[in-house]
Amino acid sequence: MSKYVTASEAVKIVKSGDRVYLQAAAAAPTILANALTERAAELRNVEICHLHVEGEARYANPELAESFHVNSFFIGANVRHTLKAGNGSYTPVFLSELPNLFRKNVLPIDVAFIHVSPPDKHGYCSLGVSVEATVAAIENAKIVVAQVNPQMPRTFGDGILHVSEIDFLVEVNVPIYSHEVVPFSSEEEKIGSYIASLIEDRSTLQMGIGSIPNAALSKLTHHKDLGLHTEMFSDGVIDLIENDVINCNYKGTLRGRVLATFLMGSKRLYDFVNDNPFIEMKESSMVNDTARIRKNPKMVAINSAIEVDVTGQVCADSIGPNMYSGVGGQMDFIRGASLSSGGKAIIALPSLTKRGESRIVPFLKEGAGVVTTRSHTQYVITENGIADLYGKTLKQRIAALVGIAHPNHQESIERRYYELLNKK
């Protein structure tokens, strides 16, 4: 009997009360998820869990709350509304530990929906641009259903699986979700320059997607022998790899290879990683393991924040009590870089929100979550400069962080902090 079926046939395996895991980010198996959503009338209490997924998420429609509940390990814009609507939840977890939730049977998986390249002549498929916790989900799921897509890049590492590990295969031919490179602003360029000034030759980098990482990468063209050990990367690294700026020759973990757990960028990125043995895609339990991160000399972790208070507490997952994204791997890499020989942990953010509010604040908003504690925070960078907090007293930290806030807010930030501190 052939394993190849239509999407509507494949999703019949899901029954009421099941927990379904979706592969994350640009590899989101949307065709399978949409086919499952078509069965909403005959299903009840199906939990759909995942990290951030690209594309539409029809199952997250609040009108389908009796059929589907969304459990996010990292919240994307397409499901953010579910937390207030009541048909969604957020589970805080370090990305390094997410696979353990499945392996330890804390969250048993009934069905895993994945997205793979076609089997090669030996019967092996690739998870392509997103490995993260999907390997653990596959190992522990009762049933595995795969979208098989010739447009999925074939990548090396933990994401190689034999077709015998898959119960049903659904052939599709759709583009992988992509993000084109967006020009960075003058503020982002300044932040990128400050970041680059802290990066030495033979450093190993962790950075994500977006204008600030791309701005920093654009300033590294004259650096030598950089490495890449990162949760994810995007287009900004391609030119540096092709020009031998990033060659990974001095890494401590997986020397000579780029290490990542998922990818997101343009078609150029996907073409670049396709069948490229220089890129190793590993499970997040390995990539985000602090003990492995710290083995890289001069490890530089570059992460972002929603707001930072003047003592160095970093909120990166919520706006006040309202969950916005998630814990992700920020602490994994902040700690790993801090423990690395010559390592540097960086939080980089513009000094202002789009509404002109300061992102350097006297106190975090009521209900805000602390992702990186004040004792873990080393460097904070805005377009106004670098605040080095390592080994600094609270009073010294306040002066340094006020100094990189927007000039229009500096006086009021410091005044409000001391007013509230001294309030009887």
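The present account deals with the structure reproduced in this document. All figures in this text were calculated on a predicted structure; none of them were measured in a lab. (Residues numbered from 1 in each chain as written. Predicted model: local features only at pLDDT ≥ 70, side-chain atom pairs only at ≥ 80, totals over all residues. Heavy atoms only, no water.)

1. Section: the overall build of the protein chain
Piece 1. Within the protein chain, the regular secondary structure consists of 14 helices and 25 strands.
Piece 2. Taken over C-alpha atoms, the radius of gyration comes to 22 Å for the protein chain, in line with the 22 Å a tight globule of 424 residues would show.
Piece 3. For the protein chain, the proportion of its 424 residues judged to be buried stands at 57%.
Piece 4. Within the protein chain, the 46 negative side-chain charges are centred at a point lying 6 Å from the centre of the 42 positive side-chain charges. (Helix = DSSP H or I, 4+ residues; strand = E, 2+ residues; numbered from the N terminus. Rg over C-alpha atoms; globule rule 2.2 N^0.38 Å. Buried < 20%, exposed > 50% of the residue type's maximum accessible area, 1.4 Å probe, protein only. Lys, Arg positive; Asp, Glu negative; His and termini not counted. Charge placed at Lys NZ, Arg CZ, Asp CG, Glu CD.)

2. Comments concerning the packing of aromatic side chains
Piece 1. Per the stated rule, a full pass over the model turns up 4 aromatic pairs.
Piece 2. Pairwise contacts between aromatic rings join Tyr21, Phe73 and Phe102 into one cluster.
Piece 3. For Arg202, the ring lying beneath its charged end belongs to Tyr250, and the centroid distance is 3.9 Å. (Phe/Tyr/Trp six-rings, centres within 6.5 Å; stacked < 30°, edge-to-face > 60°. Lys NZ or Arg CZ within 6 Å of the ring centre and 35° of its normal.)

3. Section: helix 6 (residues 186–198)
Piece 1. Taking 1.5 Å as the rise per residue, helix 6 with 13 residues should run 18 Å; its terminal C-alpha atoms sit 19 Å apart, in good agreement.
Piece 2. Those residues of helix 6 that fall on the buried side of the exposure criterion are Glu188, Ile191, Gly192, Ile195, Ala196 and Leu198. Burial along helix 6 is one-sided: seen end-on, the buried residues are contained in an arc of 150°. (Expected span 1.5 Å × (residues − 1). Arc of directions from axis to C-beta.)

4. Examining unusual backbone geometry
Piece 1. Backbone geometry places Ala25, a non-glycine residue, at a positive phi of 55°.
Piece 2. On the secondary structure map, Ala25 appears in the loop between strand 1 (19–22) and helix 2 (30–37).
Piece 3. Taking relative accessible area as the criterion, Ala25 reaches 2% and is therefore assigned buried.
Piece 4. The phi dihedral of Glu132 falls on the positive side, at around 30°, and the residue is not glycine.

5. Focus on the side chain of Gln23
Piece 1. Turning to its location among the elements, Gln23 is positioned in the loop between strand 1 and helix 2.
Piece 2. Classification of Gln23 as buried rests on a relative accessible area of 0%.
Piece 3. At 2.7 Å, the side chain of Gln23 and the backbone oxygen of Ser130 are in polar contact.
Piece 4. The residues contacting Gln23, other than those within four sequence positions of it, are Ala28, Pro29, Val53, Phe113, Ile114, His115, Leu127, Ser130, Glu132 and Thr134. (Polar contact = N/O pair within 3.5 Å; in protein donor to acceptor, adjacent residues only side chain to side chain. Contact = heavy atoms within 4.5 Å.)

6. With respect to the sheet that holds strand 12 (residues 227–228)
Piece 1. Pairing is mixed in the open sheet, where 6 strands are placed in the order 12-11-17-22-24-25. Looking at which strands have only one partner, the edges of the open sheet turn out to be strand 12 and strand 25 (385–388).
Piece 2. Contacts from helix 12 (residues 330–339) reach strand 11 (204–206), strand 17 (299–303) and strand 22 (344–348), with the element oriented near 150° to strand 17. (Pairing = 2+ DSSP bridges. Axes fitted to C-alpha atoms, helices over the stretch in contact; angles between N-to-C directions.)

7. As for the packing of helix 6 against helix 7 (residues 211–218)
If you want to describe how two helices pack, look at the angle between their axes and the distance between the axes.
Piece 1. Remark: helix 6 packs on helix 7, axes separated minimally by 7 Å, with the N-to-C direction vectors making an angle of 55°. Overall, the two elements helix 6 and helix 7 adopt an arrangement that is oblique. Two packed elements cross with a definite hand, and for helix 6 against helix 7 that hand is right-handed. Within the contact between the two elements, helix 6 uses Glu188, Glu189, Ile191, Gly192, Ile195 and Ala196 and helix 7 uses Ser211, Ile212, Ala215 and Ala216.
Piece 2. Per-class residue counts for the contact of helix 6 with helix 7 are 6 nonpolar, 2 polar and 2 charged. (Parallel < 35°, antiparallel > 145°, perpendicular 65-115°, else oblique. Left-handed = near helix turned anticlockwise from the far one by under 90°. Nonpolar A, V, L, I, M, F, W, Y, C, P; charged D, E, K, R; others polar.)

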